[in-house]
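A structural walkthrough
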Amino acid sequence: MTGLPAISSPVTALPEKVIAALRCELDLTPKPGLVDRNNNGAHHDMDHALFMKSIRAITPWLTVFEQLGYRQAFLPAESQLSLLRPAGLACEEAMFSATGQVNTHQGGIFSLGLLCCAAGRLAGRKEPLSTTALCQETSAICQGIVARELATGQATPSAGARLYQRYSLTGARGEAESGFLTVRRYVLPYWHQESGDRQHHNALLRLMAVNADSNLVSRGGIEGLQYVRHSAQQTLMTPWGVAELEEMDRHFTLRRLSPGGSADLLAVAMVLADFLPSPRDSAFGKIPW
């Protein structure tokens, strides 16, 4: 697939929600080790302006992903991924072209593109969108992807494949195949307890505290992952403020540690949170499936 195919209007609100989530995640400040409005975190090759260029390049493709799901809604879920992949690669190409070959959103394109496709499939079958339905549909699309692409080594050689072979880290593939279990288990049950930036900062901290972030292992080995997890866990146990987050940012930056996988999952959480039940529904704390 070369260039952007002809597309019509989105059939659901998912593409718009994804763009809003990407911008909100980018603007959240401070974010330890990550690009934000204050600084570039642990990165020397990207900044806030570059991320905005990347988001603009990704934007039209989100509707492509959604409409592919809509048009192919009655095909078996297990056949959807191979049909979606050419558009995903073309979206990545658009991102790299906009950023001068800097990888700003590759993980986000995978996870959020799958959510858009899942929304399209649900809409095509006239099924309501919900947190549970979107996660189940994404999981169904991705069933077997870890075993097929990482365990057997059939994936294109990548840092993710190498990390799986060495450390059994499943990365973005594993999160999608699980229906974003990390988000559902550690973030969404607490979502309505907070609001604004604190809601998003606490969500990011909770993700950093548990996520087996392959991006961190690529940069700092298992020790780097453990350091970030411990730092986030300790911070969550205190009445933290901006000063504590800025101190974490300094330490992560010195160690070149960027929890990019957790940043991607934060954007996923923001999208899924729009479909949460009312906070009056006390049963939401339980994993729905």
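Look up a bit, the structure's there.
The following paragraphs examine the structure supplied in this document. Here the structure is a predicted model, which is why all the values come from computation and not from measurement. (Residues numbered from 1 in each chain as written. Predicted model: local features only at pLDDT ≥ 70, side-chain atom pairs only at ≥ 80, totals over all residues. Heavy atoms only, no water.)

1. Considerations on the overall build of the chain
A tally of helices and strands in the chain yields 13 helices and 0 strands. The C-alpha atoms of the chain give 18 Å as radius of gyration, which agrees with the globular expectation for 289 residues (19 Å, within 12%). Its C-alpha atoms give the chain principal-axis dimensions of about 50 × 45 × 35 Å. Here the chain holds 289 residues, and the buried ones make up 51% of them. Counting every atom, the chain has about 12,900 Å² of accessible surface; 52% of that belongs to carbon and sulfur. The distance from the centre of the 26 positive side-chain charges to the centre of the 26 negative ones in the chain is 3 Å. (Helix = DSSP H or I, 4+ residues; strand = E, 2+ residues; numbered from the N terminus. Rg over C-alpha atoms; globule rule 2.2 N^0.38 Å. Buried < 20%, exposed > 50% of the residue type's maximum accessible area, 1.4 Å probe, protein only. Areas by Shrake-Rupley, 256 points an atom, 1.4 Å probe, with all protein chains shown as cover. Lys, Arg positive; Asp, Glu negative; His and termini not counted. Charge placed at Lys NZ, Arg CZ, Asp CG, Glu CD.)

2. With respect to the pattern of salt bridges
On inspection of all chains with the given rule, the structure shows 9 salt bridges. We note a salt bridge from Glu137 to Arg121, for which the minimum N-O separation is 2.6 Å. A residue pair is termed long-range when its members are at least 10 positions apart, and Glu137 in helix α5 (residues 131–142) and Arg121 in helix α4 (residues 106–124) qualify at 16 residues. As far as the burial class goes, Glu137 and Arg121 line up, both buried. A salt bridge links Arg250 to Glu247; the shortest N-O distance between them is 2.5 Å. Residue Arg250 and its partner Glu247 are both found in helix α12 (residues 242–254); the two are separated by 3 residues, about one turn of the helix. Residue classification places Arg250 among the partly exposed positions, given a relative accessible area of 46%. (Salt bridge = Lys/Arg side-chain N within 4 Å of Asp/Glu carboxyl O.)

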